[in-house]
Amino acid sequence: MAAIIRYSFKEFVRKKIFLITILMSAAFLFLYSWGLKEIAENLKQQSTMMTFAMQQVTVFSSLGFYFSHLMVAFLVVFATSGIISSEIENYNVHTIIVRPIPRWKYVLSRYLGALIFITLYSTAIFFSIYTINKTLGFSIEHPISQVVLGWLLFELIAIVLLTVTTFFSTSFSTLATGILVVLLFGFAMIGGFLEQIGYAIADFSQASTTLQTIGIVSSLILPTDNIYREMANILFKSNLIDFSTIDPFAGISKNSIYMRIYWFLYVFALMYLTIKRFDKKDLT
Amino acid sequence: MILKTENLTKEYSSKNGCFNINLEIEKPMVFGLLGPNGAGKSTLVKTLVGLLRPTRGKAFLLGKPLDDIAIKSKIGYLPENFKYPDWMTAYEVMEFHCQLLRMKNYKNEIYSLLEKVGIIEHKDKKIRSFSKGMQQRLGLAVSMLNRPEIIFLDEPTSALDPIGRIDVRNIIIELKNQGTTVFLNSHLLSEVEKVCDMVAIINKGYIVVMGTIDELTRKALKVTFVLDKVDSKLFEIISLKNINILTHSQTTLEVELLSYEDIPTLVEEFVKSGYKIYEVKKSQELENVFLQVIGEGHF
């Protein structure tokens, strides 16, 4: 199993898309630091209302996390959409499956190799943004446990997406998997925005209920946006001030314990189905 | 028992796949599987190595059912189509497979196998720089790791030049001499005829003929004589011998003989009667059987 995990990890690290992502991430972090520094200094000098200035900077800081979670998502999709399918397409899997390794171990090892790769990248980008926000923007003082929780939720987004990608990759071609996961991710994002709008106009009409329902359904299909908003709520809320309510990238709605349990069930159930599917698959 | 199948069936549709395959290989040998394109050869091999799940029937390798993971460390497989990761070197590919096989101290075995297949000087080169033939040689080396008891070779010479084909033939013979059973799936009848002890011909998913090369070719001895002339006197000699003439031209005569002993007898008769013989060609016997079996359209 360790051999396949190592092999998978090396394969993903060598992909051109990873190099491109690293270069783009560096460019993004540079521009983001510069922008945040300028905004923070400008607002501190001009605004007489400290809270207003903090709000503006916090929204910009939130944008940093939002953009970085998009980069993680796209890296997951473009680097791992062939996690199983490309191995089938180039027949490399034929040389591996005939070895004394159960099929479930093969799938799990490929998944773990990709998971290590994605986790390293997303951890680096998360703490880069966190450090930049803390250093250049206004820092909200959190206990370390809250930061760790935020980071774990950031990782969970990548894990959910990787699990969905692996699931589709056992049944569809690399291209089809990539398209399907991007579409689903976009669907979840739009669903999340509609849900927030629904909560924002809660007092007005039936429309708010419909929008909230759309959001819940999209979260059940792919809970990435839902998890992101939970993470943003944790990172932009302190005991004194809650900035999440004025932040379009965070969330007004709060997740129930059932939804939180659902995220984990989602990952385990999908992984179970992936393994079952691959176990029965004919490798023609 | 090295290999046994009982009505093994892999059905893609009512017409595609392989159906009711009954094979038995009791002792180490080179077993050839022949058949036209789409006959079900690769389907059968892929089912036996566990890439395809059988629809019906049973199969046993080295006395164990196909889903027994442990037997997989005793089998080797060279697929017809494959592509190793192009960022790996030949040595890394071999090393990766050694790890999958849980082998220890594998360095010498890797070197020895790469030497055997003739690519030892390319061991540190990336696969992306390998030609198809070199990849096939590497695939052959990978399939021989851990000294398998049975090795499945699916079209092992399809990308090789004539020298490569001779090399592969010699390797197959060497494997057989070491006591390894080779299950050879090939289009090249001449190759199969040269190395196989037993042959099965598969058509439209069914095994239509099976036996040793001798058993299969006994009734198919076709010989062509190239002479200075073919005339009525020659036909008389032939008819007296009760030999069937297949085709003839002004200088060639193709006949069907009952035994090899008929060849020198005929040559002697022709020379005695004043004919000059320039060439005596024995047709590829297995090819004749193959064409006959497939041509007859058993199904």
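From a predicted model like this one, the values you see are computed outputs, not experimental measurements. (Residues numbered from 1 in each chain as written. Chains lettered and ligands numbered in written order. Predicted model: local features only at pLDDT ≥ 70, side-chain atom pairs only at ≥ 80, totals over all residues. Heavy atoms only, no water.)

**Topic: the nonpolar core**
Inference 1: In this structure, Leu138(B), Phe152(B) and Phe183(B) are the most contacted members of the largest nonpolar core, which totals 153 residues.
Inference 2: A total of 13 residues in this core trace back to one element, the largest contributor, which is helix α6 (residues 103-136) of chain A.
Inference 3: If sequence neighbours within four positions are ignored, Phe183(B) has contacts with Leu3(B), Leu23(B), Ile25(B), Phe31(B), Leu33(B), Leu44(B), Val45(B), Leu48(B), Ile151(B), Phe152(B) and Leu153(B).
Inference 4: If you look at the next biggest cluster of nonpolar residues, it comprises 16 residues, including Leu221(B), Ile237(B), Leu253(B) and Tyr275(B). (Core = buried A, V, L, I, M, F, W, Y, C linked by side-chain atoms within 4.5 Å. Buried < 20%, exposed > 50% of the residue type's maximum accessible area, 1.4 Å probe, protein only. Helix = DSSP H or I, 4+ residues; strand = E, 2+ residues; numbered from the N terminus. Contact = heavy atoms within 4.5 Å.)

**A word on the sheet that holds strand β7 (residues 75-78) of chain B**
Residues and elements named next belong to chain B.
Inference 1: Read from one edge of the open sheet, six strands run β7-β8-β9-β4-β10-β11, paired in mixed fashion. On the outer flanks of this sheet lie β7 and β11 (206-212), each paired with one strand and no other. Ignoring which end each strand starts from, the neighbouring axes of this sheet average 15 degrees apart.
Inference 2: Inspection of the sheet shows strand β8 (residues 150-154) paired to strand β9 (residues 181-185) by five bridges, in the parallel sense. By the bridge assignment for β9, Leu153 is matched with Leu184.
Inference 3: Strands in contact with helix α1 (residues 41-48) are β4 (30-34), β7, β8, β9 and β10 (198-203); relative to β9, the strand with the most contacts, it is inclined by about 145 degrees.
Inference 4: Running at roughly 170 degrees to β7, helix α4 (residues 132-143) makes contact with β7 and β8 of the sheet. (Pairing = 2+ DSSP bridges. Axes fitted to C-alpha atoms, helices over the stretch in contact; angles between N-to-C directions.)

**Digging into the interface of chain A and chain B**
Inference 1: Chain A puts 26 residues into the contact, and the matching count from chain B is 28 residues.
Inference 2: Both sides of the chain A and chain B interface together cover about 2600 Å² of buried area, and 61% of this is carbon and sulfur.
Inference 3: Together, Val98(A), Arg99(A) and Pro100(A) form the three largest contributors to the area buried by chain A at its contact with chain B, with a combined 28%.
Inference 4: Connecting chain A to chain B are two salt bridges.
Inference 5: For Asp279(A), the salt bridge identified is with Arg53(B), shortest N-O distance 3.4 Å. (Buried area = accessible area lost by both parts, 1.4 Å probe. Salt bridge = Lys/Arg side-chain N within 4 Å of Asp/Glu carboxyl O.)

**Here we look at the environment of Leu184(B)**
Inference 1: Relative to the helices and strands, Leu184(B) is located in strand β9.
Inference 2: Leaving out residues up to four positions away in the same chain, Leu184(B) has contacts with Phe31(B), Gly32(B), Leu33(B), Leu153(B), Pro156(B), Ile172(B), Val192(B), Val195(B) and Cys196(B).

**Structural notes on helix α8 (residues 174-200) of chain A**
Note that an α-helix has 3.6 residues per turn; residues three or four places apart therefore point the same way.
Inference 1: For α8(A), spanning 27 residues, the distance from its first C-alpha to its last is 39 Å, which sits close to the expected 39 Å at 1.5 Å a residue.
Inference 2: Turning to α8(A), its buried residues are Thr177(A), Gly178(A), Val181(A), Leu184(A), Phe185(A), Ala188(A), Gly191(A), Gly192(A), Glu195(A), Gln196(A) and Gly198(A). (Expected span 1.5 Å × (residues − 1).)

**Looking at the confidence of the model for chain B**
All names here are of chain B.
Inference 1: Looking at chain B, pLDDT values average 87 and 96% of them are 70 or higher.
Inference 2: Of all the helices and strands in chain B, helix α10 (residues 285-295) carries the lowest mean pLDDT, 75, while helix α2 (residues 90-100) carries the highest, 95.
Inference 3: Here the prediction assigns the complex a pTM of 0.84, and the interface score ipTM is 0.82. (pLDDT = per-residue confidence, 0-100.)

**A look at helix α5 (residues 162-177) of chain B**
All names here are of chain B.
Inference 1: Here α5 is 16 residues long and its end C-alpha atoms lie 23 Å apart, about the 22 Å a rise of 1.5 Å per residue gives.
Inference 2: Of all the positions in α5, only Gly164, Val168, Arg169, Ile171, Ile172 and Leu175 are classed as buried. With its buried residues spanning 160 degrees around the axis, α5 presents them on a single face. Across from the buried face of α5, at angles greater than 90 degrees, the exposed residues are Pro162, Ile163 and Asn177.
Inference 3: The elements touched by buried residues of α5 are β4, α3 (107-116), α4, β8, β9 and α6 (189-195).
Inference 4: Trailing α5 by a residue or two, Gly179 shows a phi angle of about 95 degrees, which is positive. (Arc of directions from axis to C-beta.)

**Examining a positive patch on the surface**
Inference 1: A surface patch of like charges, here positive, comprises Arg6(A), Lys10(A), Arg14(A), Lys16(A), Lys126(B) and Arg128(B).
Inference 2: Inspection of the secondary structure assignment puts Lys16(A) in helix α2 (residues 16-46).
Inference 3: The class for Lys16(A) is exposed, based on a relative accessible area of 70%. (Patch = residues over 30% accessible without salt bridge, like charges linked within 9 Å, V, L, I, M, F, W, Y side chains within 5 Å. Areas by Shrake-Rupley, 256 points an atom, 1.4 Å probe, with all protein chains shown as cover. Lys, Arg positive; Asp, Glu negative; His and termini not counted. Charge placed at Lys NZ, Arg CZ, Asp CG, Glu CD.)

**Section: the sheet that holds strand β14 (residues 252-257) of chain B**
Residues and elements named next belong to chain B.
Inference 1: The strand order β13-β14-β12-β15 describes an open sheet built from four strands, whose pairing is antiparallel. Each of the sheet's edge strands pairs with one partner strand only, and the pair in question is β13 (244-248) and β15 (277-282). Taken pair by pair, the neighbouring strands of this sheet meet at an average axis angle of 25 degrees, ignoring direction.
Inference 2: Taken together, the four bridges between β13 and β14 define a ladder with antiparallel strand orientation. Paired with Ile245 across the strands is Val255, a residue of β14.
Inference 3: Across the sheet, helix α8 (residues 232-240) is in contact with β12 (221-227), β13 and β14; its angle to β14 comes to roughly 5 degrees.

**Considerations on the pairing of strand β1 (residues 3-11) of chain B**
Residue and element names in this part refer to chain B.
Inference 1: In this sheet, strand β3 (residues 24-25) lies alongside β1 in antiparallel orientation, the contact comprising two bridges. Counterpart to Lys4 in the pairing with β3 is Glu24.
Inference 2: Looking at chain direction, β1 and strand β5 (residues 56-61) are connected through five bridges and run antiparallel. Paired with Thr5 across the bridge in β5 is Ala59.
Inference 3: Where β1 lies against strand β2 (residues 17-21), three bridges are found, and the strand directions are antiparallel.

**Here we look at the layout of surface pockets**
One way to see where empty space is left: roll a probe the size of a water molecule over the atoms.
Inference 1: The calculated volume of the largest pocket comes to roughly 450 Å³.
Inference 2: Glu11(A), Lys15(A), Asn90(A), Asp86(B) and Trp87(B) are, among the 21 residues lining the largest pocket, the residues nearest its centre.
Inference 3: Going through the elements one at a time, α1 (2-13), α2, α3 (50-80) and α4 (85-89) of chain A are the ones with two or more residues in the lining of the largest pocket.
Inference 4: Of the residues belonging to the lining of the largest pocket, the class tally is seven nonpolar, six polar and eight charged. (1 Å grid on protein atoms, 1.4 Å probe; cavity = no way out; pocket = protein on both sides within 12 Å on 5 of 7 lines; lining within 4 Å. Points joined across faces, edges and corners; volume = space filled by probe spheres on them. Nonpolar A, V, L, I, M, F, W, Y, C, P; charged D, E, K, R; others polar.)

**Digging into the packing of helix α9 (residues 206-221) of chain A against helix α11 (residues 257-280) of chain A**
Residue and element names in this part refer to chain A.
Inference 1: Packing of α9 against α11 brings their axes to within 10 Å, and their N-to-C directions diverge by 30 degrees. When the axis of α9 is compared with that of α11, the two are roughly parallel. Contact residues: α9 offers Ser219, Leu220 and Ile221, while α11 offers Met259, Tyr262 and Tyr266. (Parallel < 35°, antiparallel > 145°, perpendicular 65-115°, else oblique.)

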